[in-house]
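Structural overview
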Protein chains: 2
Amino acid sequence: MNKNLYSIRMRAAQGGPHECGGKHISGAERIVKEKEIMDTIRQLIYRAQQHERGYPDYINLNIEMLNTENIREVTSLPIYTIKTTNYFEGREMAKKILELLGINRTIIEQSFHHLLQGPAPNGANMRGAILMDIKTGQRLEPDLSRGIRVSRIDYKPEAARELAHQLSRYGLNNNHVREALCLATKVSLFPAIVGELCWSDDPSYTAGYVASSKFGYLRFNHLKEKGSARGGRIFFVDPACSELEKTIYRLEQEPYLITKLGKVNGEITYDDFKQIAHSALKGASK
Amino acid sequence: MNKNLYSIRMRAAQGGPHECGGKHISGAERIVKEKEIMDTIRQLIYRAQQHERGYPDYINLNIEMLNTENIREVTSLPIYTIKTTNYFEGREMAKKILELLGINRTIIEQSFHHLLQGPAPNGANMRGAILMDIKTGQRLEPDLSRGIRVSRIDYKPEAARELAHQLSRYGLNNNHVREALCLATKVSLFPAIVGELCWSDDPSYTAGYVASSKFGYLRFNHLKEKGSARGGRIFFVDPACSELEKTIYRLEQEPYLITKLGKVNGEITYDDFKQIAHSALKGASK
């Protein structure tokens, strides 16, 4: 059915390749049919060259034929935007939700501290995600500068079109939301990962989310201060659940294609969310 | 003048990326204007997918903006084909020519031995070139599996068209000759490298060459046994001449563009060559 699908991944930098100290400008990926490879490359190069972070002098493209039998076809997480008026409120709600996912408040505070301080050993942001042990707070990524880079994910074209349509009803049809939802959907399917916290390092983009298989993709329009270039992504890992190495390998290598959409909802209050959460938790404990 | 030139490099493998053990299928590179990037990518992908070594399931493309001030515009080496009827004869002539370049017979025999045995530590061919010290025979590449990969080289479009025209008069207008001449021209401009010996690992392609700034690009239609997949490239290094690290860096990183062509000659006999060599050596010793 998915005959001849290809993973196309792009990363762009300024001042030389990433591995030679170039500044990361843009990265994106797609899963497409063979006949779409050239158009996809054109779009990805255009995207790299139009990025607000600057004009790249280095672009790397990876084209990889996928073993179609290994591609998992999945349904995206349902989306909600929880109403907030400032980032203090947004953060407090995000923390409460992470607590509802079974994470200790101390660990949650540590995770925020990481994203606010620059989690790489040199105090910079990371391109990949942090893996955080919810029992000890320990970071579990083999490389603390690189982090874990979730990859080989995309929407099937029909699902992408429908998502764009649904998101635009709420003014959310942008790369940030579409790509984060795709990534968060893959991550949420790993039983070892109880939840994800993310906000962008893009200074103008203050929104963020907490995602989990339990509650879906919960957006906050305010999760960080406007103008701040501090951001990143944390996966909260239950160490009892799974072999870490295998989980990392699958997050990075295993291809996932979103073929169906979870419900795209509008703005709700935190009280609305608590009711939804209550039903979700009751359902899960049955 | 060379405003906005880009280095586009492609490598393709089968069974996964090269760095994960995939089998190398094809590699090629170009230096082109911005508006030619997409067409070049299309050509390079097509080339990778049509290669006789097999269909690649992995293709990597690097797009790099070159600092145009650093691009050296050079003239290609003159080409001669020295008449041979079999590879015994071809090898003996190649060895004599390397002797004329000041390399000791023992070192020359060692260099042939390397290419015939598979020079990588595991007995495989190498994608990059061997650097061989002409005083000691020692190999100088920092990584004996990888070798030195000469890169960031191409013809200016007008020079490429004219070369294709000239080569086709002698039935030589193929990728092997065009790309080897380009590489050999860059290498010949390094005073530390007194000569180059090369034949392909492509079983059906028996031709090879000895190149040097002194004598030009000397082809032999027979330099190896038909059907043999043993081949590679050796640069003979005069250790007195230069800082090795800098030479390696420049071979791999410094962009060279062939803007003018040396003469493309037809077949000559070894005696004809000796006369040419005699004048060349006399000229050099003045």
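The structure reproduced in this document is the subject of the present report. From a predicted model like this one, the values you see are computed outputs, not experimental measurements.

1. Observations regarding helix α2 (residues 87-100) of chain A
Between its first and last C-alpha atoms α2(A) spans 20 Å; for 14 residues at 1.5 Å apiece the expected length is 20 Å, and the two agree. Taken from the residues just after α2(A), Gly102(A) is the one with a positive phi, measuring 95°.

2. Considering the interface of chain A and chain B
Listed per partner, the contact involves 18 residues of chain A and 18 residues of chain B. Taken as a group, Met38(A), Asp57(A) and Ile63(A) account for 29% of the area that chain A buries against chain B, more than any other trio of residues on that side. If you look at where chain A meets chain B, you find 0 salt bridges. If you look at where chain A meets chain B, you find 14 residue pairs in polar contact (both at pLDDT 80 or more). Elements supplying a minimum of two residues to the side of chain A that touches chain B: α1 (37-49) and β3 (58-65) of chain A. It is β3(A) that contributes the most residues to the side of chain A that touches chain B, 8 residues altogether. Partitioned by chemical class, the residues of the side of chain A that touches chain B number 11 nonpolar, 3 polar and 4 charged. By the bridge criterion, 7 bridges tie β3(A) to strand β3 (residues 58-65) of chain B in an arrangement that is antiparallel.

3. A few points about the packing of α2(A) against helix α3 (residues 105-117) of chain A
All names here are of chain A. Viewed as axis vectors pointing N to C, α2 and α3 meet at an angle of 135°, and their least axial separation amounts to 9 Å. Taken together, the axis directions place α2 and α3 in an arrangement best described as oblique. You can see that α2 and α3 cross each other, and the crossing is right-handed. Contact with α2, carried on its side by Arg91, Glu92, Ala94, Lys95, Lys96, Leu98 and Glu99, involves Arg105, Ile108, Glu109, Phe112 and Leu116 of α3 and no other residues of that element. Grouping the amino acids of the contact of α2 with α3 by side-chain chemistry returns 5 nonpolar, no polar and 7 charged.

Scoring rules and cut-offs
Residues numbered from 1 in each chain as written. Chains lettered and ligands numbered in written order. Predicted model: local features only at pLDDT ≥ 70, side-chain atom pairs only at ≥ 80, totals over all residues. Heavy atoms only, no water. Helix = DSSP H or I, 4+ residues; strand = E, 2+ residues; numbered from the N terminus. Expected span 1.5 Å × (residues − 1). Contact = heavy atoms within 4.5 Å. Buried area = accessible area lost by both parts, 1.4 Å probe. Salt bridge = Lys/Arg side-chain N within 4 Å of Asp/Glu carboxyl O. Polar contact = N/O pair within 3.5 Å; in protein donor to acceptor, adjacent residues only side chain to side chain. Nonpolar A, V, L, I, M, F, W, Y, C, P; charged D, E, K, R; others polar. Pairing = 2+ DSSP bridges. Axes fitted to C-alpha atoms, helices over the stretch in contact; angles between N-to-C directions. Parallel < 35°, antiparallel > 145°, perpendicular 65-115°, else oblique. Left-handed = near helix turned anticlockwise from the far one by under 90°.

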